[in-house]
Amino acid sequence: MAGSFRSLVKRSLCPILEGVTMLPNFSTIQVERIVEEVKAKLDEGRNTINQIVSSQEPASWESVVLPLEQFDVAFSNFWSPISHLWSVMNTPELTEAFQNALPLISDFQTEVGQNRGLFKNMQSIKDSREFAAFSCQQKSVVENSLRDFYLSGIGLPEKERQLFKSLSSQLAKQQAQFEQNLLESGNAWQKHITDKALLKGIPESSIQMFEAAARQKGLEGWLITLDFPFYLPVMKYADNRALRRECYRAYSTRASEYCLDPEKWDNSSLIQSIVGLRHRLANLLSFPQYTHMSLYTKMADSPEQVFSFLNQLADVGKKAADKEMDQLKRFIREKAPHTDCQPWDVTYYSEKLKQELYQFSSEELRPFFPLNSVLNGLFKVAEKLFNITISEKKVENAWHEDVLFYEIHNESGQLQGQFYMDLFARPKKREGAWMDTCRERFVPPCKGKDSAICPAQLPVAFLVCNFPPPVGETPSLLTHDDVLTLFHEFGHGLHHMLSQIDYPSVSGINGVPWDAVELPSQFLENWCWQEEALALFARHYQSKKPLPSDLFHKMKQAKNFQAGMQLVRQLEFALFDFETHHHYRENTELDVMGILNSVRERVSVVDYPEWNRFPHSFNHVFGGGYAAGYYSYKWAEVLSADAFSLFLEKGVFHRETGISFKKNILEKGGSEPAMDLFVAFRGRKPQTEALLKDCGLL
Ligand SMILES: [Zn+2]
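Worth saying up front: this structure is predicted, and the values here are computed from it rather than measured. (Residues numbered from 1 in each chain as written. Predicted model: local features only at pLDDT ≥ 70, side-chain atom pairs only at ≥ 80, totals over all residues. Heavy atoms only, no water.)

Novice: For this particular structure, what's the right way to read the overall build of the protein?
Specialist: In terms of helices and strands, the protein carries 27 helices and seven strands. Its C-alpha atoms give the protein a radius of gyration of 27 Å, near enough to 26 Å, the size a compact globule of 698 residues would have. Principal-axis analysis of the C-alpha atoms gives the protein an extent of 85 × 70 × 55 Å. Within the protein, the fraction of its 698 residues that count as buried is 53%. (Helix = DSSP H or I, 4+ residues; strand = E, 2+ residues; numbered from the N terminus. Rg over C-alpha atoms; globule rule 2.2 N^0.38 Å. Buried < 20%, exposed > 50% of the residue type's maximum accessible area, 1.4 Å probe, protein only.)

Novice: How should I be thinking about the side chain of Arg 161 in this particular structure?
Specialist: Mapped onto the secondary structure, Arg 161 falls in helix H7 (residues 158-188). Given a relative accessible area of 13%, Arg 161 falls into the buried group.

Novice: Is there a simple way to think about the sheet that holds strand E4 (residues 404-409) in this case?
Specialist: The pairing of strands in a sheet happens through backbone hydrogen bonds and is either parallel or antiparallel. Strand order in the open sheet formed by five strands is E3-E4-E5-E7-E6, and the pairing between neighbours is mixed. The open sheet has two free edges, formed respectively by strand E3 (389-392) and strand E6 (434-439), since each of these has just one partner strand. The mean angle between the axes of side-by-side strands here comes to 25°, regardless of whether they run parallel or antiparallel. (Pairing = 2+ DSSP bridges. Axes fitted to C-alpha atoms, helices over the stretch in contact; angles between N-to-C directions.)

Novice: What am I meant to see in the pattern of salt bridges here?
Specialist: Using the criterion set out here, one finds 31 salt bridges in the structure. The salt bridge partner of Arg 600 is Glu 572, with a shortest N-O separation of 2.9 Å. With Arg 600 in helix H22 (residues 592-603) and Glu 572 in helix H21 (residues 563-582), this residue pair connects regions lying 28 residues apart in the sequence. Each of the two residues, Arg 600 as well as Glu 572, counts as buried. (Salt bridge = Lys/Arg side-chain N within 4 Å of Asp/Glu carboxyl O.)

Novice: Hey, could you run me through unusual backbone geometry in this one?
Specialist: Trans is the common state for peptide bonds, and a negative phi is the common state for residues other than glycine. Here the phi dihedral of Ser 286 falls at roughly 70°; this positive angle occurs in a residue that is not glycine. Mapped onto the elements, Ser 286 comes out in the loop between helix H12 (268-284) and helix H13 (290-295). One non-glycine residue with positive phi stands out, namely Asn 397, at about 60°. Looking at where Asn 397 falls in the secondary structure, it is placed in the loop between E3 and E4.

Novice: Explain the coordination of the zinc ion here, please?
Specialist: Put simply, the ideal angle at a metal is 109.5 degrees for four donors in tetrahedral geometry and 90 or 180 degrees for six donors in octahedral geometry. The coordination sphere of the zinc ion, as far as protein atoms go, consists of His 488 (NE2), His 492 (NE2), Glu 518 (OE) and Glu 518 (OE), spread over 2.1 to 2.7 Å. In this structure, the zinc ion is coordinated by four donor atoms arranged in irregular fashion, with angles at the metal of 52 to 139°. Mapping the donors of the zinc ion onto the primary sequence gives the spacing H-x3-H-x25-E. On the criterion of helical spacing, the pair formed by His 488 and His 492 is a turn pair, its members being four residues apart in helix H17 (residues 480-497). Its relative accessible area of 13% is what places His 488 among the buried residues. (Donors = N, O, S within 2.8 Å, 3.2 Å for Na, K, Ca; no water. Tetrahedral: all angles 85-135°; square planar, octahedral: opposite > 155°, others 65-115°.)

Novice: Honestly, the environment of Ser 350 in this entry has me stumped. Any pointers?
Specialist: Relative to the assigned elements, Ser 350 resides in helix H15 (residues 343-358). Looking at Ser 350, the relative accessible area reads 7%, which means it is buried. Here Ser 350 is in contact with Leu 328, Asp 345, Phe 561 and Gln 562, once residues within four sequence places are set aside. Here Val 346 takes part through its backbone oxygen, which lies 2.6 Å from a polar atom of the side chain of Ser 350. (Contact = heavy atoms within 4.5 Å. Polar contact = N/O pair within 3.5 Å; in protein donor to acceptor, adjacent residues only side chain to side chain.)

Novice: Please clarify how the nonpolar core should be interpreted in this entry.
Specialist: Looking at soluble globular proteins, one finds that nonpolar side chains tend to be buried together. Among the nonpolar cores identified, the biggest contains 145 residues, and Phe 386, Phe 419, Met 421, Phe 487, Phe 490, Leu 494 and Trp 527 are the most heavily contacted of them. Tallying contributions element by element places helix H14 (residues 303-335) first for this core, with 12 residues. Taken domain by domain, the makeup of this core includes at least three residues from each of domain 2 (160-186 + 265-284) and domain 4 (287-367 + 483-698). Once residues lying within four places of it in the same chain are set aside, the contact partners of Leu 494 are Ala 382, Phe 386, Ile 388, Ile 408, Ser 499, Leu 524 and Leu 666. The next biggest cluster of nonpolar side chains, apart from the first, holds 51 residues, and it includes Leu 68, Phe 78, Val 88 and Trp 399. (Core = buried A, V, L, I, M, F, W, Y, C linked by side-chain atoms within 4.5 Å. Domains from an automatic or database assignment.)

Novice: Teacher, can you tell me more about the pairing of strand E2 (residues 222-225) here?
Specialist: Every second residue of E2 is oriented toward a common face, with Trp 222 and Ile 224 on one face and Leu 223 and Thr 225 on the other, all of them buried. Taken together, the four bridges between strand E1 (residues 190-193) and E2 define a ladder with antiparallel strand orientation. Paired with Gln 190 across the bridge in E2 is Thr 225.

Novice: Looking at this structure, how should I read helix H4 (residues 92-113)?
Specialist: In an α-helix, one turn spans 3.6 residues, which is why side chains three or four residues apart end up on the same side. Taking 1.5 Å per residue as the helical rise, H4 with its 22 residues ought to reach 32 Å, and the 32 Å between its terminal C-alpha atoms agrees with that figure. Regarding H4, the residues found buried are Leu 94, Thr 95, Ala 97, Phe 98, Ala 101, Ile 105 and Phe 108. At its buried positions, H4 is contacted by helix H2 (34-54) and helix H3 (61-88). (Expected span 1.5 Å × (residues − 1).)

Novice: Where do I start with the side chain of Gln 289 in this structure?
Specialist: Among the secondary structure elements, Gln 289 is positioned in the loop between H12 and H13. A polar side-chain atom of Gln 289 sits 3.3 Å from a polar atom in the side chain of His 279. Non-local contacts of Gln 289, meaning those with residues more than four positions away in its chain, are made with His 279, Ala 282, His 581, His 582, Tyr 584 and Arg 585.

Novice: Looking at this structure, I do not really get the domain arrangement of the protein. What am I missing?
Specialist: Many analyses report the size of an interface as the accessible area lost when the parts associate. The domain boundaries assigned to the protein delineate domain 1 (24-159), domain 2 (160-186 + 265-284), domain 3 (190-259) and domain 4 (287-367 + 483-698). Using C-alpha coordinates to define each centre, domain 3 is positioned 29 Å away from domain 4. Taken together, the contact between domain 3 and domain 4 spans 17 residues of the former and 20 residues of the latter. When domain 3 packs against domain 4, close to 1,700 Å² is buried across both sides, 52% of that on carbon and sulfur atoms. The interface formed by domain 3 and domain 4 contains four salt bridges. Between Arg 241 and Asp 340 there is a salt bridge whose closest N-O contact spans 3.3 Å. For the pair domain 3 and domain 4, the interface holds 10 residue pairs in polar contact (both at pLDDT 80 or more). Contributing elements (two or more residues each) for the side of domain 3 that touches domain 4: helix H9 (228-237) and helix H10 (241-252). For the side of domain 3 that touches domain 4, the element with the highest residue contribution is H10, accounting for six residues. Considering only residue class, the side of domain 3 that touches domain 4 consists of six nonpolar, three polar and eight charged. (Buried area = accessible area lost by both parts, 1.4 Å probe. Nonpolar A, V, L, I, M, F, W, Y, C, P; charged D, E, K, R; others polar.)

Novice: I keep staring at the packing of aromatic side chains and nothing clicks. Help me out?
Specialist: Centre distance and the angle of the planes are the two values used to describe a pair of aromatic rings. In total, this model carries 61 aromatic pairs according to the counting rule given. Here the aromatic rings of Phe 287 and Tyr 296 are separated by 5.2 Å at their centres, their planes lie at 65°, and the arrangement is edge-to-face. Linked through ring pairs, Phe 178, Trp 514, Phe 573, Phe 576, Phe 614, Phe 618, Phe 622, Tyr 626, Tyr 630 and Tyr 633 together constitute an aromatic cluster. Of note, Arg 244 hangs over the ring of Tyr 348, and the distance from its end group to the ring centre comes to 4.0 Å. Positioned above the aromatic ring of Phe 653, the side-chain terminus of Lys 384 is 4.7 Å from the ring centre. (Phe/Tyr/Trp six-rings, centres within 6.5 Å; stacked < 30°, edge-to-face > 60°. Lys NZ or Arg CZ within 6 Å of the ring centre and 35° of its normal.)

Here it is, written out as structure tokens:
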């Protein structure tokens with residue numbers, strides 16, 4: 001009841017919500033004016049901020065936060081179509097404009113993050129008497145902003161503040177250098193092959209790729225590089241063991257003292273100083289270790305919690321992985337001309353064993369997943385679960401003729417959000433799949449005369465994939481992995497579009513902690529593994545026959561093949577990352593390989609050679625982003641499996657449970673602590689059992 005009253009009030013105050021949120025017009029983007037316009041918009045932002053900090057009035061939500069949110073919305077409305085266009089319809093001119101604009105934007109963000117006046121204003125709002133009466137979402141906006149100010153070192157005394165700034169910029173440079181060394185050291189290595197017999201076992205499509213690479217460099221024959229699409233088929237399929245070993249050695253010693261030019265690219269000392277700098281930054285902000293600082297913005301609340309989480313998974317994973325390794329070793333003794341199992345044998349013989357057990361190729365599934373029926377199935381699943389309606393609509397001024405456009409309405413027929421879909425691979429489009437924001441939900445309270453120019457808008461998303469386009473009469477046919485990708489990105493999309501939070505900085509995926517943001521996306525993937533859901537859309541595109549049950553079961557078994565080994569491999573990375581950052585002591589040299597070896601002794605089942613230098617290429621962690629955060633991959637998997645297990649208890653399409661997920665997770669964005677939202681949905685804190693069961697490990 002309260003909900004419908006609230007939306008009724010909003011509706012009468014914001015007439016624009018009745019119509020359609022203004023969509024961008026891609027045909028009018030003038031590339032040559034982009035940089036100029038970015039500058040002008042950012043200057044507007046500077047004016048807004050100057051007005052706020054120079055005002056004599058006491059700081060309030062209306063005088064400080066609202067104008068900032070308004071500016072963010074206006075800027076994002078202007079910028080998101082440009083950055084989107086750059087990803088999907090790239091031209092050299094656009095790239096140039098885009099790259100010239102990016103530093104302007106990041107400088108502006110740094111400037112705002114270092115603005116003491118703004119920080120003081122925000123602090124006095126938090127300290128004001130009015131704060132207690134703020135709504136949850138308003139409180140989160142203010143608290144997140146203060147948290148980010150705090151993490152930028154702005155509250156420190158001047159001397160320490162300067163030190164913090166200089167250490168941060170050193171860290172950024174060293175992380176970039178780590179990545180650069182890795183890239184250059186990897187690029188420098190190549191293996192030129194003139195005898196095709198050496199490539200025996202590798203699929204023809206990969207061999208053609210090797211040939212093209214050779215031709216590009218003016219060489220005869222074939223060229224193997226350390227790029228993953230080259231490296232993987234060698235490790236997986238090359239019958240020649242010496243070739244596999246050679247590639248493995250080159251790959252696992254990149255940017256180390258064993259690489260081609262260690263003088264130039266050895267990352268050993270960078271690892272030491274990067275971890276050291278992070279530690280000093282954490283200490284300046286009074287965190288005992290960098291792990292505490294990393295968790296300050298995440299769902300997990302203490303290093304102890306993360307360790308116990310990882311160790312709990314390791315207990316189960318290691319036992320299963322040991323058994324799987326025994327099975328693999330038996331298989332090798334039976335099939336191979338040698339009896340030992342080296343790291344360069346693991347992928348190769350695992351693939352052979354998998355084929356023998358399941359005789360199953362992902363290509364067999366394609367005819368059962370024509371794109372149109374998968375899309376219909378995806379929408380049906382979402383409609384059934386969340387009581388919404390998804391309908392296609394014609395859209396003007398999109399960026400390509402293949403683009404589709406849809407609207408989402410709620411059960412009372414009110415528009416909730418809209419989305420573009422751009423699904424086919426084509427030249428000048430970035431690889432991969434993603435969800436991005438086109439318009440953020442922004443529904444500020446409108447008062448009196450302002451209602452006529454109320455800037456309210458509903459969320460709009462971009463959903464982008466790179467599926468094979470239809471050829472002649474044959475529709476676009478997806479692999480099961482493609483289907484998972486589509487469901488995954490749509491999960492992010494629903495998080496963005498079903499949001500009921502009115503302020504963009506905590507609406508949709510904004511303000512959601514890193515280790516919780518993959519919950520809705522991985523959650524939705526679960527329906528691709530349910531026969532009941534597949535029955536809605538998996539049909540042969542010619543015979544219209546449903547997916548045969550035995551094929552479905554093979555597919556499920558293949559998914560869990562060596563699940564224990566897959567799990568402990570991820571745990572090895574996560575534990576190494578977390579322990580390295582947690583046990584660092586100032587003025588003591590970090591024994592990087594010692595930490596890794598002790599982790600491997602506990603969780604790994606592969607016998608690594610002494611010269612393996614995995615840390616030197618662990619770019620996720622030493623190049624940036626995932627420092628003391630690699631665990632979050634598994635964390636999010638646990639959340640999504642545990643959330644889904646409630647549907648296994650109640651029914652795969654249990655409406656009430658679906659609505660509860662919508663109300664407690666999808667609608668709330670980052671407006672409340674992620675753990676509280678999870679508990680509100682699940683009735684308790686997350687547990688690891690569901691994930692382990694799903695992988696067949698329990
Ligand atoms: Zn994702």
